[in-house]
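Working through the structure, step by step
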Amino acid sequence: MKIAVLSGSNVGTKTRTAMDYTMKAVMENYPNSEVTWIDLAEYDVQFSDGRDYWEYKGDTRYVAQTVMEADALIIGTPIFQASIPATLKNIFDLLPVNAFRDKVVSILVTAGSPKHYLIAEQQLKPILFYMKAQVVQTYVFIEEKDFYRKEITNDDVVSRIDRLVEDTVVLTKTYTKIREEKEAEYSF
């Protein structure tokens, strides 16, 4: 199983901290999975100009292709000015409309206050559904108060991240098995 762990911002540390923990949870609990870490702060991704993702070069092509080839995607995003960052939205814009068909996508959100709790519901999930994702219904929302010196200090948050990782892997295995059974059924 290929899992891409995507930190969807090129600034700040809280989302990166949460996604570091998420990456470790995947690798420790599912060592047979092929896990790829994508921190958008480490890549020089071009803005989408309407080309197909495979026509781009360098970091842009690598990031888009890695997302496309993954069986599951765990997206971490901060909320800035009551919205997802442009760096994350740009990744979606680089991909085709059915990019997430047969792909499980889960969400982790960091924000400065609880006022931004519904941004994932109102902005991120509709994009993912439009792109045909199988979205893990519950997501992890982490407030600024849950961090201290680049560490997560709230045990409940850590537990929810572990559960998000588990749900992502279980749903990916389940959907894969269902698709394989359907394909075998119709291959006669």
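What counts and how
Residue indices follow the written sequence of each chain, beginning from 1 at its first position. Selection of residues for local features in this predicted model requires a pLDDT of at least 70, selection of side-chain atom pairs for listing and counting requires 80 or more, and totals for whole chains, interfaces and linings are taken over all residues. Heavy atoms throughout the structure, all of them, feed into the side-chain values; hydrogens and water do not. Secondary structure elements follow DSSP: runs of H or I of four or more residues count as helices, runs of E of two or more count as strands, with numbering from the N terminus. The reference for a compact globule is 2.2 Å times residues^0.38; the radius of gyration itself is calculated from the C-alpha atoms. Relative accessibility thresholds used throughout: buried, under 20% of the residue-type maximum; exposed, over 50%; partly exposed, between the two (1.4 Å probe, protein chains only). Here, residues are in contact when the closest pair of their heavy atoms is within 4.5 Å. Calculation of accessible area relied on Shrake-Rupley with a 1.4 Å probe; when residues are assessed, cover is drawn exclusively from the protein chains displayed. Charge counting follows a simple rule: Lys and Arg are positive, Asp and Glu are negative, and His as well as the terminal groups are ignored. By convention, charge coordinates are those of NZ in Lys, CZ in Arg, CG in Asp, or CD in Glu. By definition, a salt bridge exists where a carboxyl oxygen of Asp or Glu is found within 4 Å of a side-chain nitrogen of Lys or Arg.

Our focus in this paragraph is the overall build of the chain. For the chain, the helix and strand inventory stands at five helices and eight strands. Listing each helix as α and each strand as β along the chain from the N terminus yields β-α-β-α-β-α-β-α-β-β-β-β-α. Its C-alpha radius of gyration of 16 Å places the chain within 12% of the 16 Å reference for a compact globule of 188 residues. Each of the three principal axes of the chain carries a C-alpha extent, and together these read 55 × 35 × 30 Å. Within the chain, buried positions represent 46% of all 188 residues. When contacts within the chain are restricted to residue pairs at least 6 apart in sequence, long-range pairs at least 24 apart make up 75% of them. When the accessible surface of the chain is split by element, carbon and sulfur atoms take 49% of a total near 10,100 Å². Distance from the positive charge centre (22 side chains) to the negative charge centre (28 side chains) of the chain: 2 Å.

On inspection of all chains with the given rule, the structure shows nine salt bridges. One salt bridge in this structure joins Asp 20 and Arg 16, with 3.2 Å as the shortest N-O distance. One end of the pair is Asp 20 and the other is Arg 16, both in helix α1 (residues 14-29) and four residues apart, which spans about a single turn. For Arg 16, a relative accessible area of 28% corresponds to the partly exposed category. In this structure, Arg 163 engages Asp 167 in a salt bridge whose closest nitrogen and oxygen atoms are separated by 2.9 Å. Placement of both Arg 163 and Asp 167 in helix α5 (residues 155-186) is noted, with a separation of four residues, approximately one turn of the helix.

With that settled, consider the environment of Thr 60. Within the element layout of this structure, Thr 60 appears in helix α2 (residues 58-69). For the pair Thr 60 and Arg 16, spaced 44 residues apart in the sequence, the C-alpha separation amounts to 20 Å. Residues within four places of Thr 60 in sequence aside, it is in contact with Asp 44, Val 45, Gln 46 and Leu 94.

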